[in-house]
Amino acid sequence: MTDEPACPCGSKINYSECCERLISGTAVAQTAQQLMKSRFSAFAKSEIDYLIATWHPSKRHEISRQSLLKTAESSDWLSLSILNTAGGQQADEQGEVEFLAIFKEERLGAMQERSRFLKENGQWFYLDGVQKKPELPGRNDPCWCGSGKKSKKCHGIVG
């Protein structure tokens, strides 16, 4: 048994066996969902170079290294839930992943986005996304932290 922490993406396996392989460049995302999860982990670990490298080249001019760093470092990225996917498999050239990310700045918050991904020359890239009003867990829903407890008995309702 290892003391290594689980991957931030929520896979419940060691970071070194999951998203770190993608972030370090020793592996490439095989699906849009895998890229989405690794980008969440990159935010959680402040891996800004990976975030920029996985942004579609046509959109990189719209991003700021300083802005990404501020977002990554000012938030504690707590939980990622994949809500829906469309396409984005190994044989596809495009896909969508809808997710809910729970974070803490001064208090708990949530971000829900439907992200679009493109695959070019065997590599998946984040293209853009449309943010939605988060579908927050109800009092009797399982807590976002994965404890198995109801939200009201664990961390409470987000928002």
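Here the structure is a predicted model, which is why all the values come from computation and not from measurement.

Just checking my understanding: could you explain the packing of aromatic side chains for this structure?
Aromatic ring pairs are described here by two measures, namely the spacing of the ring centres and the angle between the planes. Within the structure shown, the criterion is met by five aromatic pairs. When the ring of Phe 43 is compared with that of Trp 77, the centres are 5.6 Å apart and the planes differ by 45°; the resulting orientation is tilted. Here Trp 77 lies in strand β1 (residues 76-87) and Phe 43 lies in helix α2 (residues 32-44), a separation of 34 residues in the sequence. Here Phe 43 and Trp 77 have matching classes, each one buried. Pairing Phe 117 with Tyr 126 gives two aromatic rings, centres 5.8 Å apart and planes at 70°, and the pair type is edge-to-face. Overall, Phe 117 belongs to the buried group, its relative accessible area being 1%. The structure contains a cluster of three or more aromatic residues connected by ring pairs, namely Phe 40, Phe 43, Trp 77 and Phe 103.

What is the right way to look at the sheet that holds strand β2 (residues 94-104) in this model?
In a beta sheet, neighbouring strands pair by backbone hydrogen bonds and run either parallel or antiparallel. In spatial order, the strands read β1-β2-β3-β4; together these four strands make up an open sheet with antiparallel pairing. Each edge of the open sheet carries a strand with a single partner, namely β1 and β4 (123-132). This sheet shows a mean twist of 30° between the axes of neighbouring strands, independent of strand direction. Inspection of the sheet shows β2 paired to strand β3 (residues 108-120) by 11 bridges, in the antiparallel sense. The partner of Ile 102 across the bridge, within β3, is Ala 110.

How should the pairing of β3 be read in this particular structure?
Every other side chain in a regular strand lies on the same face of the sheet, so the side chains alternate between the two faces. Remark: three residues form the turn of the hairpin made by β2 and β3, two consecutive strands paired antiparallel. Sheet topology places β3 next to β4; nine bridges connect them, and they run antiparallel. Bridging across to β4, Lys 119 finds its partner in Trp 124. In textbook terms, the turn of a hairpin is the stretch between consecutive antiparallel strands, and for β3 and β4 this stretch comprises two residues, one of which, Asn 121, has a positive phi near 50°.

Quick question: what am I supposed to make of the nonpolar core here?
A general feature of soluble globular proteins is that nonpolar side chains tend to end up buried together. The biggest cluster of nonpolar side chains holds 32 residues, and the ones touching the most others in it are Cys 19, Leu 68 and Phe 117. Considering every element that reaches this core, the biggest residue donor is α2, with six residues. Aside from chain neighbours lying at most four places away, what touches Cys 19 is Cys 7, Cys 9, Lys 37, Ser 38 and Ser 41.

Help me understand the pattern of salt bridges, please; the structure alone is not making it clear to me.
Using the criterion set out here, one finds six salt bridges in the structure. For Glu 98, the salt bridge is made with Lys 132, and the minimal N-O distance between the two is 3.1 Å. Of this pair, Glu 98 sits in strand β2 while Lys 132 sits in strand β4, placing them 34 residues apart in sequence. Exposure remark for Glu 98: the relative accessible area of 7% places this residue in the buried category.

What is the right way to read a positive patch on the surface from this model?
A cluster of like positive charges, contributed by Arg 139, Lys 150, Lys 152 and Lys 153, occupies part of the molecular surface. Within the fold, Lys 150 resides in the segment after β4. For Lys 150, a relative accessible area of 41% translates into the label partly exposed.

When you look at the state of the cysteines in this model, what are you seeing that I'm missing?
Here, the word disulfide means a covalent bond between the sulfur atoms of two cysteines. Scanning the model with the defined rule gives zero disulfides in all. Cysteine Cys 7 shares no disulfide, and the gap to the nearest cysteine sulfur, in Cys 19, comes to 3.5 Å. Here Cys 7 falls in the buried class, since its relative accessible area comes to 5%. We note that Cys 18 lacks a disulfide partner, and the nearest cysteine sulfur, in Cys 9, lies 3.7 Å from it.

What counts and how
Residues numbered from 1 in each chain as written. Predicted model: local features only at pLDDT ≥ 70, side-chain atom pairs only at ≥ 80, totals over all residues. Heavy atoms only, no water. Phe/Tyr/Trp six-rings, centres within 6.5 Å; stacked < 30°, edge-to-face > 60°. Helix = DSSP H or I, 4+ residues; strand = E, 2+ residues; numbered from the N terminus. Buried < 20%, exposed > 50% of the residue type's maximum accessible area, 1.4 Å probe, protein only. Pairing = 2+ DSSP bridges. Axes fitted to C-alpha atoms, helices over the stretch in contact; angles between N-to-C directions. Core = buried A, V, L, I, M, F, W, Y, C linked by side-chain atoms within 4.5 Å. Contact = heavy atoms within 4.5 Å. Salt bridge = Lys/Arg side-chain N within 4 Å of Asp/Glu carboxyl O. Patch = residues over 30% accessible without salt bridge, like charges linked within 9 Å, V, L, I, M, F, W, Y side chains within 5 Å. Areas by Shrake-Rupley, 256 points an atom, 1.4 Å probe, with all protein chains shown as cover. Lys, Arg positive; Asp, Glu negative; His and termini not counted. Charge placed at Lys NZ, Arg CZ, Asp CG, Glu CD. Disulfide = S-S within 2.5 Å.

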